[in-house]
Amino acid sequence: MDNTPNITNSITVSGRIISDFVISHEVYGEKFYSFYIENQRLSDTVDILPIIISERLLIDESYAVGDNVLIEGQIRSHNNFDGIKTHLKLSVFVKGIKTLDDICTDVNRTILDGFICKKPVYRTTPFGREIADILLAVNRAYGKSDYIPAICWGRNAKFASSLEVGTNVSLLGRMQSREYQKRLENGEVITKTAYEVSASKIEEKDPIYEL
């Protein structure tokens, strides 16, 4: 497993596999599979995280529902069309994976280096807790970018709310899932899942000036 993290987009996460592997897509003849893992927070809340893995990482090892695994990779985003509108969906793109005999404490560590690409939204909860929602554009190879939503709390929220679009920031946090209710035009209420990075630390990076 490659232990050298990508400096702009890196995630290390462990958990229990809770779904079968199904074909997600194919690129130049290389098949990619999707599955889900269950990752537990210290609060005992469970995050259900979507994983994408290349068939090349499944040649020598097999994984099944119930296995505990440690994954290193990146958070990737893509647009998902549900037949009505397009939604941003996140997944963990696997760079390395190994089986764990047991998980005493689940690992969930994300490092991002990106640019604020949407005006942060600051708000307070009914209990007075400060929250700020941000959207980061994180560059990767071949001119592509991943758009990753993050949520900041407390003093991090106050700081994030002051950031301008285009600001380069570094962020440390964890990837999490969140269920919410959505009412359709016909009145039906459905449960959907959103994915985001909960920030434990966020800093503005020094701008680079050309001489």
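Draft legend 1. How the structure looks around the confidence of the model for the protein. Averaged over every residue, the pLDDT of the protein is 89; residues scoring 70 or more account for 91%. Throughout residues 1-6 the model reports pLDDT below 50, and contacts reaching past four residues in sequence, or to other chains, amount to nine contacts.

Draft legend 2. Just the side chain of Thr167, in detail. By the element assignment, Thr167 lies in the loop between α1 (154-161) and β11 (168-183). Here Thr167 falls in the buried class, since its relative accessible area comes to 12%. Every residue in contact with Thr167, bar those within four places of it in the chain, is listed here: Gly114, Phe115, Ile116 and Glu204.

Draft legend 3. Structural view of the pairing of strand β7 (residues 108-116). Bridge count between strand β1 (residues 9-17) and β7: five bridges; the pairing is antiparallel. Directly across from Ile11, in β7, lies its bridge partner Thr110. Note that β7 and β11 share six bridges and pair antiparallel. Among the inter-strand pairings, Ile111 is bridged to a residue of β11, identified as Leu172. For β7 and strand β9 (residues 130-139), the ladder comprises two bridges, and the chain directions are antiparallel.

Reading the values: rules and limits
- Residues numbered from 1 in each chain as written.
- Predicted model: local features only at pLDDT ≥ 70, side-chain atom pairs only at ≥ 80, totals over all residues.
- Heavy atoms only, no water.
- pLDDT = per-residue confidence, 0-100.
- Contact = heavy atoms within 4.5 Å.
- Helix = DSSP H or I, 4+ residues; strand = E, 2+ residues; numbered from the N terminus.
- Buried < 20%, exposed > 50% of the residue type's maximum accessible area, 1.4 Å probe, protein only.
- Pairing = 2+ DSSP bridges.

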